[in-house]
Amino acid sequence: MNLTEELMHLPSQMWDKVLSKVKKAVVFMDDRCAQALHWSKGGAAAMLDAGARNIKPFSSFEACAKNEPKAVFVVSTMLKGRTVDIIKDIISMSHFQYCVVFTTVAHSVHLFANNVSTEMEGVPVFEQFEEKLCEWMGNMNYTAEVMHVPVVFSLVSQQMLLTPTFSHLFPLLVSDLEQINAKRPEKKRFGSLLDVDMNSLPADLQIEIKSLTSSLNAMFEATGTREESFAVGPLSRLIAGELSNHPQARNRRKTAQNKASIIFVDRTMDLTGAVGHHGDNLVEKILTLLRPLPGHITDVQVDMLELTSQQRTPHSQNNLAPGCLAQTQSPPAQTLWENMLTSKQKEGVMEVRRQLVEAASKEKLPVKMSMGRVTPEQLSAYAQLFRSNFGALQNHCGILQLGLATSQTLRHPHMARWDSCLAFERLLLQALGDSEFSVVLRQLLPLMKPRRDEASTTSGSRFADDECGLDELILLLVYLYSLADEAQDIQEDELEKLERELIGALTLVISQEAEFSLLIQKLTGCENPNELTTERAHNAMEEMFRTLRGLSCTRDHLKQLRHVYSASDGVHQATYRPFLRQLLEEVFQGGKHECPDIEYMSGGLTDLLKTGFSMFMKIHLYFLRKKE
């Protein structure tokens, strides 16, 4: 088995350690661990197949009956604070005699959080927590186990691992530097983000970084790999440096049989690509338009009502569990998913149709193959051939879920917004090379119109289906600010005045929304519009613009990869040049000078002088981006 195959099998192997303990147990699991299990093992079914009696949310409002004496807790947090309170609450309301606690946070990180800097034998923090578990169960002779298992990786495809546990880890901005410097003496303040060291970061951020590097170290240890770390960006430098200096990695590197290179990239180097609508990929649109699975950030809900005989009513969706994109138990569905993930939309949709027709033919259903353009109605018709046919549904459930996800995306009422945003992004891109930044930014102001007639929309939003909605307006702001450094000129006074207008307009727009999206909920801290005051909305928009300002200068320190924009030359239109593509071209071009923006982090001065891109055996990119 080569290194790539070992990395792809790693998440499943890590979960096997958890599954070996769940027999006859009630499992309590938090959302982040549930996401990792969802993609790596197929979700709850893996737990039940391993002998678990039940699976419950990790919440103080859960408990077990007298005939359920064993509990397994799987958490993505440290065994401190709120996590400990929830475990104690559950145990206190139950009748356990055997408790097992799995945490994704390593024992060394627990020591750091408890201000223990010296290396210690054994796992004293875990051992002390085992005693507390017995105490809460009411008998010190009962059994308690506490273990670290880094079940943080989600196997999304054969070439992609995600880490939902660290989705909230966001690169440092200028505003973060100001907060760090505010707590330091004037003579010891940092001049730039590149000067910030690990010890100067807030304690919570240090713990997050140490947890991430510990998980990466566990991954390399399990695959017998010696890594060479590279970094692009201030936070990536700190993470790569922490991984290189990981105390448990020294022996591993001496005996490792495999070699690999890992590049850490601050995603703020180029958020234009992350928020833009220029991508022609089916999965990108599915993830954007369909509602997320509850508690998930990496999967969506697929309406399965079309496969039943139920009538569609306002409450019918609550009667049926949704489908999803993660189809780990069906090889044909996995093949289709890989195709959807890597191909353009047209090719992906055609492959969905082909797979649905092939599945229907295998079940001898009355399928009529049609040529030409694939429509969402056509895909739905093929899926509905399986309606109420339990055997056929069971045999091809994965293909059907992906087919319905495609159909529901293509006919989604907000699909037209994608094209509207793409058209406006192209307009902004052309204007950026010809006008001042404030002039380009002002073009967004007319999109923040007064509320339309209440009777003209029933979606809870003041925007029509073919207009850029509130979420899209914010994405356009991120798009533009991430390109601000490419503008001809920035007049600070004019920009500040315009930003105040935009803040006021957005405050009014948010105040008029009848229903908040997840993005607006996160920005305002309010789930319900009734909770939001004008002052709170205004403060949220001011904070957002401070963050946007920070995005406008993230590439200022770069020498070679500073620009992601090519202005029009009179013959060719202005174009966006993705940062990550430029980065990979620099890595694989061969024979040319090394890129000064890719910093080698795995050794001292001697290694730095002799290193070259020839040591790139395999490239695994980990992008630090904000949770959508």
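What this report covers is the structure whose coordinates are included nearby.

Rules of the game
Residues numbered from 1 in each chain as written. Predicted model: local features only at pLDDT ≥ 70, side-chain atom pairs only at ≥ 80, totals over all residues. Heavy atoms only, no water. Salt bridge = Lys/Arg side-chain N within 4 Å of Asp/Glu carboxyl O. Helix = DSSP H or I, 4+ residues; strand = E, 2+ residues; numbered from the N terminus. Buried < 20%, exposed > 50% of the residue type's maximum accessible area, 1.4 Å probe, protein only. Phe/Tyr/Trp six-rings, centres within 6.5 Å; stacked < 30°, edge-to-face > 60°. Axes fitted to C-alpha atoms, helices over the stretch in contact; angles between N-to-C directions. Parallel < 35°, antiparallel > 145°, perpendicular 65-115°, else oblique. Left-handed = near helix turned anticlockwise from the far one by under 90°. Contact = heavy atoms within 4.5 Å. Nonpolar A, V, L, I, M, F, W, Y, C, P; charged D, E, K, R; others polar. Pairing = 2+ DSSP bridges. Core = buried A, V, L, I, M, F, W, Y, C linked by side-chain atoms within 4.5 Å.

### A closer look at the pattern of salt bridges
Close approach of charged atoms lets side chains of opposite charge pair. Inspection of the entire model under this criterion finds 21 salt bridges. Linking Lys362 and Glu358 is a salt bridge whose minimum nitrogen-to-oxygen distance equals 3.8 Å. Placement of the pair is Lys362 and Glu358 together in helix H14 (residues 345-362), with a separation of four residues, close to one helical turn. Taking relative accessible area as the criterion, Lys362 reaches 56% and is therefore assigned exposed. For Glu358, a relative accessible area of 33% gives the class partly exposed. The residue Glu486 makes a salt bridge to Arg555 at a minimum N-O spacing of 3.4 Å.

### Some details on the packing of aromatic side chains
Inspection of every chain in the model, using the stated rule, returns eight aromatic pairs. Ring geometry for Phe58 against Phe73: centres 6.4 Å apart, planes inclined by 80 degrees, an arrangement best described as edge-to-face. Here Phe58 is found in the loop between strand E2 (54-57) and strand E3 (70-75), whereas its partner Phe73 is found in strand E3, with 15 residues between them in sequence. A relative accessible area of 0% places Phe73 in the buried class. Where Phe437 meets Tyr481, the ring centres are 5.3 Å apart and the plane angle is 75 degrees; that geometry is what we call edge-to-face. Residue Phe437 is found in helix H19 (residues 437-442), and its partner Tyr481 is found in helix H20 (residues 470-481); the two are separated by 44 residues along the sequence. Counting every residue linked through ring pairs, the aromatic cluster contains Phe28, Phe58, Phe73 and Phe96.

### Details of the packing of H20 against helix H23 (residues 534-551)
Between H20 and H23, the shortest axis-to-axis distance is 8 Å and the interhelical angle comes to 30 degrees. Between H20 and H23, the angle is such that the two are roughly parallel. For the pair H20 and H23, the crossing hand works out as right-handed. Packed against H20, whose contacting residues are Ile474, Leu477, Val478 and Tyr481, the element H23 presents Met544, Phe545, Leu548, Arg549 and Leu551 at the interface. Residue composition of the contact of H20 with H23, grouped by class: eight nonpolar, no polar and one charged.

### As for the environment of Lys187
The residue Lys187 is located in the loop between helix H7 (174-182) and helix H8 (203-222) in this model. Distance from Lys187 to Asp31, taken between C-alpha atoms, is 44 Å for residues 156 residues apart in sequence.

### Focus on the environment of Met448
By the secondary structure assignment, Met448 is in the loop between H19 and H20. Overall, Met448 belongs to the buried group, its relative accessible area being 10%. Spatially, the C-alpha atoms of Met448 and Val587 are 43 Å apart, while their sequence positions differ by 139 residues.

### Things to note about the sheet that holds strand E1 (residues 26-29)
With parallel pairing, five strands are arranged side by side in an open sheet as E2-E1-E3-E4-E5. The outermost strands of the open sheet, each flanked by one partner alone, are E2 and strand E5 (143-148). Strand-to-strand, the axes of this sheet are offset by a mean angle of 15 degrees, without reference to chain direction. Pairing analysis gives four bridges linking E1 to E3, with the strands arranged parallel.

### Regarding the nonpolar core
Within the largest apolar cluster, 66 residues are counted, with the highest numbers of intra-cluster contacts made by Phe437, Leu441, Leu444, Leu477, Phe545 and Phe579. Secondary structure elements with two or more residues in this core: strand E8 (225-232), strand E9 (258-266), helix H18 (415-432), H19, H20, helix H21 (492-512), H23 and helix H24 (579-588). By residue number, the principal contributor to this core is H20, which donates nine residues. Discounting chain neighbours no more than four positions away, the residues touching Phe545 are Leu477, Tyr481, Glu499, Leu502, Ile503 and Leu506. Val72, Val152, Leu205 and Ala218 belong to the second-largest nonpolar core, a separate cluster that totals 54 residues.

### What to know about unusual backbone geometry
Non-glycine residue Lys24 carries a positive phi angle of around 60 degrees. Tracing the backbone through its elements, the reader meets Lys24 in the loop between helix H1 (3-19) and E1. Despite not being glycine, Lys364 shows a phi value in the positive range, around 60 degrees. Within the secondary structure layout, Lys364 lies in the loop between H14 and helix H15 (376-384).

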